[in-house]
Amino acid sequence: MMEGWSRKAVVRRTTGGKPQAVRRTLTDKELFEVLMQAGLEGAEWSRLFALGLYTGLRLLDCGCLDWKDIDLERSLVRFRPSMQKQTVDIAFGRSLRDELMEVSPEDRHGLVLPAIGPMLKTNRTRVSATIRKIFTQAGLEYSERGSGFGFSTLRACYIAMVRFGYPEESRK
């Protein structure tokens, strides 16, 4: 996996520039367990967790992602996240590309997460319950906000991978 980068802490800052919280990223073993549990929930949950980890997108942004936003040949997501004013290009590696390629070409239209995406708008409690279940079954304390782990932990892992580097083979 991506040994080395996951041992670092990521400091989140408030708009005032003062440290708000330190979020520990997942170890390689913890990350493996979380991704395995997501896969056991189904292909779409596996895809959601891979998107969060390998793009750093927030949960709602993952739910809004459309196939037209993804260039599989160039391994690139071109998207305007909800909390930003500009479109961003996010390069991704082989792991996410392989995950996305599992969707048959005839099904690559509309939302990347066709069941979970709409549920985030209509029944977010169900989505949160499944995310909680995945982290708990991976042996981690779930927390939507606070000291435990949640979907935002994947974003912290992505930031750590970008900041501290991760193996080149992951980016191919």
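Everything below is about the structure printed above this text.
What counts and how
Residues numbered from 1 in each chain as written. Predicted model: local features only at pLDDT ≥ 70, side-chain atom pairs only at ≥ 80, totals over all residues. Heavy atoms only, no water. Helix = DSSP H or I, 4+ residues; strand = E, 2+ residues; numbered from the N terminus. Buried < 20%, exposed > 50% of the residue type's maximum accessible area, 1.4 Å probe, protein only. Contact = heavy atoms within 4.5 Å. Areas by Shrake-Rupley, 256 points an atom, 1.4 Å probe, with all protein chains shown as cover. Disulfide = S-S within 2.5 Å. Axes fitted to C-alpha atoms, helices over the stretch in contact; angles between N-to-C directions.

Asks: Explain the overall build of the protein chain here, please?
Replies: A tally of regular secondary structure across the protein chain gives eight helices and five strands. For the protein chain, the N- to C-terminal ordering of α and β elements is β-β-α-α-α-β-β-β-α-α-α-α-α. Each of the 172 residues in the protein chain was classed as buried or not, and the buried ones make up 45%. Partitioning the contacts of the protein chain with sequence separation of at least 6, the portion at a separation of at least 24 is 58%. Accessible surface, the protein chain as shown: approximately 9500 Å² in total, 49% of it carbon and sulfur.

Asks: Looking at this model, I keep getting lost on the state of the cysteines. Mind explaining?
Replies: Think of a disulfide as a covalent bridge from one cysteine sulfur atom to another cysteine sulfur atom. Enumeration according to the criterion identifies zero disulfides in this entry. Between cysteine 62, a cysteine without a disulfide, and cysteine 64, which holds the nearest cysteine sulfur, the sulfur-to-sulfur distance is 9.4 Å. Here cysteine 62 falls in the buried class, since its relative accessible area comes to 0%. Judged by its relative accessible area of 35%, cysteine 64 is partly exposed.

Asks: Honestly, the packing of helix H2 (residues 43-55) against helix H7 (residues 151-164) in this entry has me stumped. Any pointers?
Replies: Helices that pack against each other are described as a pair by the angle of their axes relative to one another and the distance between those axes. Between H2 and H7, the shortest axis-to-axis distance is 6 Å and the interhelical angle comes to 35 degrees. Counting all contacts with H2, which are made through Leu48, Phe49, Gly52, Leu53, Tyr54 and Thr55, the residues of H7 involved are Phe151, Leu154, Arg155, Cys157, Tyr158 and Met161.

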